[in-house]
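Spelled out from the first residue to the last, the chains are:
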Amino acid sequence: MGSDEVRGAVETRLAVGDLSVTARDVELLRAIAEHGSIHAAASALERSYAHAQRRVVELEEAAGPLVERTRGGSGGGGSTLTENARELLARFERLRTAADGLTAVVENVLPGRVVERDGELGVVDCPPGRVRALVPAEGEAVEATIRSDAITLSPPDGAPAPGETSARNRFPATVEAVERGEAVARVRLAVDGTPLVALVTRTSVERLGLEPGREVVASFKATATRATPTHPD
């Protein structure tokens, strides 16, 4: 099984005490550094000065001094970032870099052959079993692609019956590894010896008790599974 990765859209948040530093906060601090004052930064970002000022105060209450303010003088005063602020920005960037890798959406690719066709839908015989998918009009040798965020996990005794769900593809799977992020987790599965990756929320991880060795059912819709022809090199 191969995989390609597409960037996900999960927001990075850095916990500092009881407050979460967001990309919007980072944008404000960088604008202050660039424009030399909170007022100028708020203007450049088209935000309310009062709100920007209040947010800086909230950030400083949680993280310590971030903006050093000077008054008057030959330079007319202004604001600069403290070393503490620069360290905070660096921490946020390290977290965002790590999160980008974790929340990337993996495309699981299963090699197989089309054995049935019914209009645009068909059945592909793949290593873990038969998969219902959108299939090409011609050709038998294909690769069936399933996005990791299209896979739903459920406990074996709690999985809906085939007639109770639109997810026609259902496979018993074993959890091999769980990579936890702040809001999401990448779950690596084995489906009859074939690796599969699912992207789920941290809430789902806790609710299902996902850990290596846990048995689950991996489900995904036929319309979320696309088979494309393979061409020999």
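Calculation criteria
Residues numbered from 1 in each chain as written. Predicted model: local features only at pLDDT ≥ 70, side-chain atom pairs only at ≥ 80, totals over all residues. Heavy atoms only, no water. Helix = DSSP H or I, 4+ residues; strand = E, 2+ residues; numbered from the N terminus. pLDDT = per-residue confidence, 0-100. Contact = heavy atoms within 4.5 Å. Buried < 20%, exposed > 50% of the residue type's maximum accessible area, 1.4 Å probe, protein only. Pairing = 2+ DSSP bridges. Axes fitted to C-alpha atoms, helices over the stretch in contact; angles between N-to-C directions. Parallel < 35°, antiparallel > 145°, perpendicular 65-115°, else oblique. Nonpolar A, V, L, I, M, F, W, Y, C, P; charged D, E, K, R; others polar. Expected span 1.5 Å × (residues − 1). Arc of directions from axis to C-beta. Polar contact = N/O pair within 3.5 Å; in protein donor to acceptor, adjacent residues only side chain to side chain.

Right, let's get into unusual backbone geometry. Phi is positive for E46, close to 60°, though the residue is something other than glycine. One can find E46 in the loop between α2 (38-44) and α3 (49-63). Here D192, not a glycine, exhibits a phi torsion of approximately 50°, which is positive.

A separate point is the confidence of the model for the chain. In this model, the chain carries a mean pLDDT of 85, and residues with pLDDT of at least 70 account for 84%. Throughout residues 1-9 the model reports pLDDT below 50, and contacts reaching past four residues in sequence, or to other chains, amount to 24 contacts.

Here we come to the pairing of strand β14 (residues 215-220). In terms of burial, β14 is largely enclosed, as five of its six residues are buried. Note: strand β10 (residues 152-154) against β14, three bridges, orientation antiparallel. Directly across from S154, in β14, lies its bridge partner V217. Bridge analysis of strand β11 (residues 169-180) against β14 gives six bridges, and the strand direction is antiparallel. What sits directly across from F171, in β14, is A218.

Here we come to the sheet that holds β14. With respect to topology, five strands assemble into an open sheet ordered β10-β14-β11-β12-β13, the strand pairing being antiparallel. Among the strands making up the open sheet, the edge pair consists of β10 and β13 (194-201). Geometrically, the sheet is characterised by an average inter-axis angle of 45° between neighbouring strands, direction not taken into account.

The next point concerns the packing of helix α1 (residues 23-35) against α3. In contact at an axis separation of 11 Å, α1 and α3 are set at 105° when each is read in the N-to-C sense. For the element pair α1 / α3, the angle class is roughly perpendicular. Across the interface between the two elements, D25, L28 and I32 from α1 touch A52, R55, V56 and L59 from α3. Here the contact of α1 with α3 is built from residues that sort into five nonpolar, no polar and two charged.

Looking now at α3. For α3, with 15 residues, the first-to-last C-alpha span of 21 Å sits near the 21 Å given by 1.5 Å per residue. Considered for burial, the residues of α3 that qualify are A52, V56, L59 and E60. For α3, the arc enclosing every buried residue in end-on projection is 100°, short of the 170-degree limit, so these residues lie on one face. Against the buried residues of α3 lie β3 (19-22), α1, α2 and β4 (67-71). Capping the start of α3, S48 holds a side-chain oxygen 3.3 Å from the backbone nitrogen of A50, two or three residues further along. Downstream of α3 by a residue or two, G64 has a phi angle that is positive, lying close to 95°.

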